[in-house]
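What follows is each chain in one-letter form.
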Amino acid sequence: MHYRNVCLEAFVYSLPDEIVTSAQIEEMLAPAYQRLGLMAGRLELITGIAERRFWPPGTLPSEKSVLTAEKALRITGLDRRLVGALIHASVCRDYLEPATASGVHRRLGLPQSCMVYDVSNACLGLMNGVVQIANMIELRQIQAGIVVGTESARPVVENTIRYLNENTSLTRAQAKQALASLTLGSGSAAIVLVDRKLSRTGNRLLGGVAWTRSEACELCHSGQDGSIGGDGRTLMWTDSDALMRQGVLAGKEVFPAFLRALNWTPADIHRTFCHQVGRAHRRLLFETLELDPSIDYPTVHFLGNTGSVALPITAALGVESGFARPGEHIALWGVGSGVNVVALGVDWQTTLHDGEAAASQFARSTADFSNPSPAAACLLE
């Protein structure tokens, strides 16, 4: 993928007010922990996740997506009459049909000529949406587009806690497959792309690559509990160790092609914003790609894994905090279960700031994130 006429104008985010710590989740899991002989503190030690956020019960994804997309229009100053495509790309959506994007489009007051649809591809949805809108801009089909999504982790996390506590036949090995579900957090993100002639930033989207290891598609699956006596609650089961290895392997396979596509060397990558999974995944990825982890901006320790919106929220917080500076090359590294990778390169120039937001409230120290406690190793099994 190569682009000459596309600018990534802004990353925008919205976060819930309610913070739920890993310690609180373990308190709710006390019956399961006692039955399985598990030590309190293992969730944060294994994953590096101290807390995550939840929307209020009953929140529809479209409600928050509208607010985030409206914020994106305000920050960029983009005339909504120029928006030629709106893609809603999170795992969570209001209904199977119509497209959640339709309701967001109506409430934003976008033009009838605007193309509207949903995209679903696990944690990679918003990155896929970026590629689709960039292609439309490059082909001169539209002048601007918005990718938006909202993930709501509360139902899956609460269902998982209830299931682990009630199902007394589960072994420790089986319970471990629910670990990834307990790392999930909620959030909303939007990405605005425009024709470079409209851009106020000059943040050129240069191009990138896509890669698939579909032989790993069975390692993570989410759906309703169909067991005898099950009540249809949504649950997610993951072979976390195997999924981590397959995701990193896919990254290793595609990394040389990514560098060739952009005519970069590893030294040309000044900053990275990656999908947020956990501490072990981040460490292994950067070791495998032989990149300095100090160029990366992690947020998983205080937001958890927010699915498809994890990468754009992380990028939004990173550029808002000044982590990315004018003239730097940014690598956006998206990974989703399946296993799929989309990696894009951006020539960053200008950050548009939201005058109504206080960036400092999300300033977090990352000094200890890459170095898990030695005690974590003995808690993995």
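None of these values were measured; they are calculated from a predicted model. (Residues numbered from 1 in each chain as written. Predicted model: local features only at pLDDT ≥ 70, side-chain atom pairs only at ≥ 80, totals over all residues. Heavy atoms only, no water.)

## Regarding the overall build of the protein
Right, on to step 1. Across its full length, the protein carries 13 helices and 13 strands.
Right, on to step 2. The proportion of buried residues among the 381 residues of the protein is 58%.
Right, on to step 3. Look at the contacts in the protein between residues 6 or more apart in sequence, and 80% of them connect residues 24 or more apart.
Right, on to step 4. When the accessible surface of the protein is split by element, carbon and sulfur atoms take 52% of a total near 16100 Å². (Helix = DSSP H or I, 4+ residues; strand = E, 2+ residues; numbered from the N terminus. Buried < 20%, exposed > 50% of the residue type's maximum accessible area, 1.4 Å probe, protein only. Contact = heavy atoms within 4.5 Å. Areas by Shrake-Rupley, 256 points an atom, 1.4 Å probe, with all protein chains shown as cover.)

## Re helix H5 (residues 100-108)
Right, on to step 1. All of the buried residues in H5 are Thr100, Ala101, Val104, His105 and Leu108. Viewed end-on, H5 has its buried residues packed into an arc of 135°, placing them on one side of the element.
Right, on to step 2. At the exit of H5 stands glycine 109, carrying a positive phi of roughly 70°. (Arc of directions from axis to C-beta.)

## Here we look at the pattern of salt bridges
Right, on to step 1. What the rule picks out here adds up to ten salt bridges.
Right, on to step 2. We note a salt bridge from arginine 81 to aspartate 79, for which the minimum N-O separation is 2.8 Å.
Right, on to step 3. In this structure, the salt-bridge partner of arginine 282 is aspartate 296, at a minimum N-O distance of 2.7 Å. Of this pair, arginine 282 sits in helix H10 (residues 279-289) while aspartate 296 sits in the loop between H10 and helix H11 (300-303), and the two are 14 residues apart along the sequence. (Salt bridge = Lys/Arg side-chain N within 4 Å of Asp/Glu carboxyl O.)

## Regarding the confidence of the model for the protein
Right, on to step 1. When pLDDT is averaged along the protein, the result is 87; 86% of the residues meet or exceed 70.
Right, on to step 2. For the protein, helix H13 (residues 375-379) is the element with the lowest average pLDDT, namely 32, and strand S4 (residues 83-88) is the one with the highest, namely 98.
Right, on to step 3. Confidence drops under a pLDDT of 50 for residues 225-232, and excluding neighbours within four residues, the segment shows eight contacts in the predicted structure.
Right, on to step 4. Segment residues 370-381 is flagged for pLDDT under 50; beyond a separation of four residues in sequence, or across chains, it makes 21 contacts in the model. (pLDDT = per-residue confidence, 0-100.)

## Focus on the packing of aromatic side chains
Right, on to step 1. Counting across every chain of the model gives eight aromatic pairs.
Right, on to step 2. Relative to tryptophan 333, the ring of phenylalanine 255 has its centre 6.0 Å away and its plane inclined at 70°; by these criteria the two rings are edge-to-face. Remark: tryptophan 333 occurs in strand S12 (residues 329-336) and phenylalanine 255 occurs in helix H9 (residues 240-262); sequence separation between them is 78 residues.
Right, on to step 3. On the accessibility criterion, phenylalanine 255 (8% relative accessible area) is buried.
Right, on to step 4. Summarising the aromatic geometry, the rings of tyrosine 297 and phenylalanine 323 are spaced 5.2 Å apart at their centres and angled 55° between planes, so their arrangement reads as tilted. Here tyrosine 297 is found in the loop between H10 and H11, whereas its partner phenylalanine 323 is found in the loop between helix H12 (310-320) and S12, with 26 residues between them in sequence. (Phe/Tyr/Trp six-rings, centres within 6.5 Å; stacked < 30°, edge-to-face > 60°.)

## Observations concerning unusual backbone geometry
Right, on to step 1. Residue proline 98 follows glutamate 97 across a cis peptide bond; omega there is 0°.
Right, on to step 2. Among the structural elements, proline 98 can be located in the loop between S4 and H5.
Right, on to step 3. Positive phi values are uncommon outside glycine, yet arginine 140 reaches one of about 65°.
Right, on to step 4. Within the secondary structure, arginine 140 sits in the loop between helix H6 (125-138) and strand S6 (144-151).
Right, on to step 5. Its identity as a non-glycine residue notwithstanding, asparagine 263 has a phi of 55°, on the positive side.

## Some words on the side chain of lysine 71
Right, on to step 1. By the secondary structure assignment, lysine 71 is in helix H4 (residues 61-76).
Right, on to step 2. Buried and without a salt bridge, lysine 71 has aspartate 354 as its closest oppositely charged side chain, separated by 4.7 Å. (Lys, Arg positive; Asp, Glu negative; His and termini not counted.)

## Quick look at the packing of H4 against H5
Right, on to step 1. Contact pair H4 / H5: the axes reach a minimum separation of 9 Å and the direction vectors enclose 50°. Our classification of the angle between H4 and H5 gives oblique. Here H4 runs over H5; the crossing is right-handed. Contacts between H4 and H5 involve Ser62, Glu63, Ser65, Val66, Ala69, Glu70 and Leu73 from the first element and Thr100, Val104, Arg107 and Leu108 from the second. (Axes fitted to C-alpha atoms, helices over the stretch in contact; angles between N-to-C directions. Parallel < 35°, antiparallel > 145°, perpendicular 65-115°, else oblique. Left-handed = near helix turned anticlockwise from the far one by under 90°.)

## A closer look at the pairing of strand S7 (residues 187-195)
Right, on to step 1. Among the nine residues that make up S7, nine are buried, leaving the element largely enclosed by the rest of the structure.
Right, on to step 2. As defined by bridge partners, strand S1 (residues 6-14) adjoins S7 across eight bridges and the pair is classed as antiparallel. Bridging from a neighbouring strand, valine 6 pairs with aspartate 195 of S7.
Right, on to step 3. Direction of pairing for S6 relative to S7: antiparallel, over a ladder of eight bridges. From the neighbouring strand, glycine 145 faces S7, where its bridge partner is leucine 193. (Pairing = 2+ DSSP bridges.)

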